[in-house]
Amino acid sequence: MSSSKEQLNGAQALIRTLEVLGVEYIFGYSGGAVIPIFDAIVTTRTPIKLIATRHEQGALHMADGYARATGRPGVALVTSGPGAGNAITGLMTAHMDSVPLILISGQQITSMLGLDAFQETDVINLSMPVVKHSYQILSADSVPETVHRAFKVATSGRPGPVVIDIPKDISAAPCGASIYDTASEPEPAQTAKPPDMAAMARAITKANRPVILAGQGVLISSATELLRSFAIDNNIPVITTLLGKGAFDETHELSLGMLGMHGTAYANFVVQETDCLINIGSRFDDRIVGDTEKFARQATICHIDIDASEINKMVTADHAIVSDAKVALSELSRIVQPKTRTAWLNRIHRLKQQYPLRYDENDKLTQQQVIAALHDLTDGTAVVTTDVGQHQMWAAQFYKTRHARNWLSSGGAGTMGFGMPAAIGAQLGRPDDMVISISGDGGFQMTEYELATAAVHKLPIKIIILDNKYLGMVRQWQEIFYDNRESGVALEGNPDFCKLAEAYGIKTFHITEPNSTESTLKEALAYTRGPVVVWCEVAKSDNVYPMIPAGLSYDHMLLEAPTTAITKPTGST
Amino acid sequence: MAEYKNKARLVLRVRQSVTVLPRCLQNLSRRGYIVLELSTKTVDATTAKLTMTIEGEQRWHSALPHLLSRLVDVEDVTVEEL
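This is a predicted model, so every value here is computed, not measured.

Scoring rules and cut-offs
- Residues numbered from 1 in each chain as written.
- Chains lettered and ligands numbered in written order.
- Predicted model: local features only at pLDDT ≥ 70, side-chain atom pairs only at ≥ 80, totals over all residues.
- Heavy atoms only, no water.
- Buried < 20%, exposed > 50% of the residue type's maximum accessible area, 1.4 Å probe, protein only.
- Helix = DSSP H or I, 4+ residues; strand = E, 2+ residues; numbered from the N terminus.
- Arc of directions from axis to C-beta.
- Contact = heavy atoms within 4.5 Å.
- Pairing = 2+ DSSP bridges.
- Right-handed = clockwise from strand over helix to strand, strands pointing away.
- Buried area = accessible area lost by both parts, 1.4 Å probe.
- Salt bridge = Lys/Arg side-chain N within 4 Å of Asp/Glu carboxyl O.
- Polar contact = N/O pair within 3.5 Å; in protein donor to acceptor, adjacent residues only side chain to side chain.
- Nonpolar A, V, L, I, M, F, W, Y, C, P; charged D, E, K, R; others polar.
- Axes fitted to C-alpha atoms, helices over the stretch in contact; angles between N-to-C directions.
- Domains from an automatic or database assignment.
- Patch = residues over 30% accessible without salt bridge, like charges linked within 9 Å, V, L, I, M, F, W, Y side chains within 5 Å.
- Areas by Shrake-Rupley, 256 points an atom, 1.4 Å probe, with all protein chains shown as cover.
- Parallel < 35°, antiparallel > 145°, perpendicular 65-115°, else oblique.
- Left-handed = near helix turned anticlockwise from the far one by under 90°.

The next point concerns helix 23 (residues 517–526) of chain A. Residues and elements named next belong to chain A. Within helix 23, the full set of buried residues consists of T517, T520, L521, A524 and L525. Within helix 23, the buried residues cover an arc of 135° as seen down the axis, which keeps them to one side. For helix 23, the exposed residues lying more than 90 degrees away from the buried face are K522 and A526. Tucked inside the fold, the buried residues of helix 23 contact helix 16 (367–378), strand 17 (435–440), strand 18 (462–467), strand 19 (507–511) and strand 20 (532–537).

Listed below in structure tokens is the structure:
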């Protein structure tokens, strides 16, 4: 380790340290308390590129999308007070989905802290429930060390967002500390205890009807190749969670797609029939489990998670291993005895034929048609981002993800407005790959102002707006569980989305009927000189099936619209 | 409102920092715990011992060491049923 001889202030030391840590982009929105840091981006002539956004929430989602798409931490920079306040949704989104993200927030000068000075907000306490950790820097000399530490915390073990709050006088003060020339080594991967591993391996070997549940932990630990060979060698089918999409090629014959509330019917039936559920890197989210007492009731539960606090939180495990997914899979691959399991695979084949995902094809354009066409035109290889709601579930069902880090969606927090800014971050991180943002009209309008950011940087993202003029998922719940009483879900006054995008100088397409869908999408996907918006006016009152009402068991799965009244769910929102 | 009757003694060895106590309390609060007693003792220049009597759902007692030891600055956690 050696030191830089530059005379730097705190802000410049921050930028230099970010360089050492390999940061490519800072997604930021300026303001009074961060002027020294924005100034340092200029005065240091840093190679780090500043992406100036239109709102702090957009900056956070861009940093989040960058992190999910690349596996490297995203960095956002905001000012104090409302800047930090506007960042909270982005922190929450990253925290719920274990995304490594660094938020640098400006702050009032140290002598004014706690005195209710202009734009002074206690961001440390404001963000505490939605970050992995936070630091307030009170000496310019500690800038390099604190930033290194923050990156280590954000990326080690179970990743998460970290806040670094820097008062303005600290940014401006001379920094006497050296800048580390090399990034600190990451924490070694967490390994399992051998006796636990052997017991789990015996349970898997013994099983006649096993199934793997692959979560985001597989992606975070870069274990997709190991998972693929483990599943194929042992003839074990693979179900993925919403965030685990891409952990296993969904076009492979062993893939069962997503499970849970809006998962495939065959995946949900398999969960109820399996004699050994092998959960690798998923936290048994309530959208998966429903009624905990009746979930996978015939199965021996094997749970591998890097976070010990997730073991036995939702579902009691018969065999638990606290470990990095890659380390555990590597060891299991060595000691599990392969079996053919022909009868089980035949049963799964029959379930797939009996209960395929389907949608009505008639003269009205549907969201499923658009998504299925996108999948076919890209062979499932594009990076896809979504917002939250019906379109998200249909995208999860009909866009079969083939590769790791190609599915970026707000799972735990369910943040509308995530998709388009996340696509901007993903495209910057993966400039050679096609990035498609799929949004509903509700979510898109929450962060539509970032069209300007996409346009300014001429990013070739494909922005698909599935406009049913409704908050569709809430309307679906009102239809099924609230006697079809609509309240607050009609999005009256939606704009002409093509005119809106054209106002930003963005190329647009408009689809209103099924026949022109594929040809129009093909043309839009081929456009690479900048962003393109495809406004799809789709059927208003379509519903997502299969559906398991919240908190109920898989026995209550609805394959189509119910013919009798359904009791309001009480288990969860 | 749920009635909590299950008490436990929670002992944490922590690195001294401004935010370690509120982080611990926030995590306990999220699982529905209330703190009945709290004492702190300096161990050395960098370390402190926090002792709490808490009340909450018994099913979470055994999870608390894992839940709290995830926090930066928390070094060791023990729970004793009362």
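A separate point is the environment of L332 of chain A. Residues and elements named next belong to chain A. On the secondary structure map, L332 appears in helix 14 (residues 325–335). The sequence separation of L332 and I204 amounts to 128 residues, and the corresponding C-alpha distance is 9.2 Å. Once residues within four sequence positions are removed from consideration, L332 is found in contact with M197, M200, A201, I204, F230 and I304.

Attention now goes to the pairing of strand 15 (residues 383–386) of chain A. All names here are of chain A. By the alternation rule, side chains of strand 15 split into V383 and T385 and V384 and T386, which are all buried. Bridging between strand 15 and strand 17 involves four bridges; their strand directions are parallel. Bridge pairing in strand 17 places T385 opposite S437. Sheet topology places strand 15 next to strand 16 (residues 407–408); two bridges connect them, and they run parallel. What sits directly across from T385, in strand 16, is L408. In this fold, strand 15 hands off to helix 17 (residues 390–398), which returns the chain to strand 16; that crossover is right-handed.

With that settled, the discussion passes to the interface of chain A and chain B. Facing the 12 residues of chain A at the interface are 11 residues of chain B. The largest contributions to the chain A side of the interface with chain B come from M128, H133 and S309 of chain A, which together make up 45% of the buried area. At the junction of chain A with chain B, the criterion picks out one salt bridge. In this assembly, chain A and chain B are joined by three residue pairs in polar contact (both at pLDDT 80 or more). Its residues assigned to classes, the side of chain A that touches chain B shows six nonpolar, three polar and three charged.

Residues and elements named next belong to chain A. Across the sheet, six strands lie side by side as 16-15-17-18-20-19; this open sheet has parallel pairing. Across the chains shown, the open sheet's two edge strands, defined by having one partner strand only, are strand 16 and strand 19. One ladder, built from six bridges, connects strand 18 with strand 20; its direction is parallel. Paired with K462 across the bridge in strand 20 is V532. Across the sheet, helix 23 lies against strand 17, strand 18, strand 19 and strand 20, angled at about 170° from strand 19, the strand it touches most.

Now for unusual backbone geometry. Residue and element names in this part refer to chain A. Of note, the bond from Y545 into P546 is cis; its omega dihedral lies within 30 degrees of zero at 0°. Along the polypeptide, P546 turns up in the segment after strand 20. One non-glycine residue with positive phi stands out, namely K458, at about 50°. Position of K458 relative to the elements: it lies in the loop between helix 20 (451–456) and strand 18.

All names here are of chain A. As assigned here, chain A comprises domain 1 (8–175), domain 2 (194–354) and domain 3 (367–541). Put simply, the middle of domain 2 and the middle of domain 3, counted by C-alpha atoms, are 30 Å apart. Every contact between the two is made by 17 residues of domain 2 and, on the other side, 20 residues of domain 3. Summed over both partners, the interface of domain 2 with domain 3 comes to about 1,500 Å²; 59% of that surface belongs to carbon and sulfur atoms.

Right, let's talk about a nonpolar patch on the surface for a bit. Residues and elements named next belong to chain A. A grouping of I109, M112 and L115 is seen on the molecular surface, where their side chains present a nonpolar patch of about 240 Å² in accessible area. Among the secondary structure elements, M112 is positioned in the loop between strand 5 (101–107) and helix 6 (123–127). For M112, a relative accessible area of 32% gives the class partly exposed.

What follows deals with the environment of M62 of chain A. Following the sequence through the fold, M62 of chain A ends up in helix 3 (residues 56–70). Measuring from C-alpha to C-alpha, the distance between M62 of chain A and L226 of chain A comes to 30 Å, with 164 residues separating the pair along the chain.

With that out of the way, let us pick up the sheet that holds strand 2 (residues 25–28) of chain A. Residue and element names in this part refer to chain A. Spatial strand order, 3-2-4-5-7-6: six strands in an open sheet with parallel pairing. Each of the sheet's edge strands pairs with one partner strand only, and the pair in question is strand 3 (49–52) and strand 6 (133–136). Pairwise comparison of adjacent strand axes, ignoring direction, gives a mean angle of 20° for this sheet. In the sheet, strand 6 pairs with strand 7 (residues 161–167) via four bridges, with the strands oriented parallel. Note that in strand 7 the partner of H133 across the bridge is V162.

The next subject is the packing of helix 1 (residues 10–20) of chain A against helix 2 (residues 35–43) of chain A. Residue and element names in this part refer to chain A. The geometry of helix 1 relative to helix 2 is characterised by a closest axis approach of 8 Å and an angle of 60° between their N-to-C directions. As summarised for this structure, helix 1 and helix 2 are arranged oblique, according to the angle between their axes. In terms of crossing hand, the pair formed by helix 1 and helix 2 is right-handed. Note on element contacts: helix 2 touches helix 1 through P36, I37, A40, I41 and T43, opposite A11, Q12, L14 and I15.

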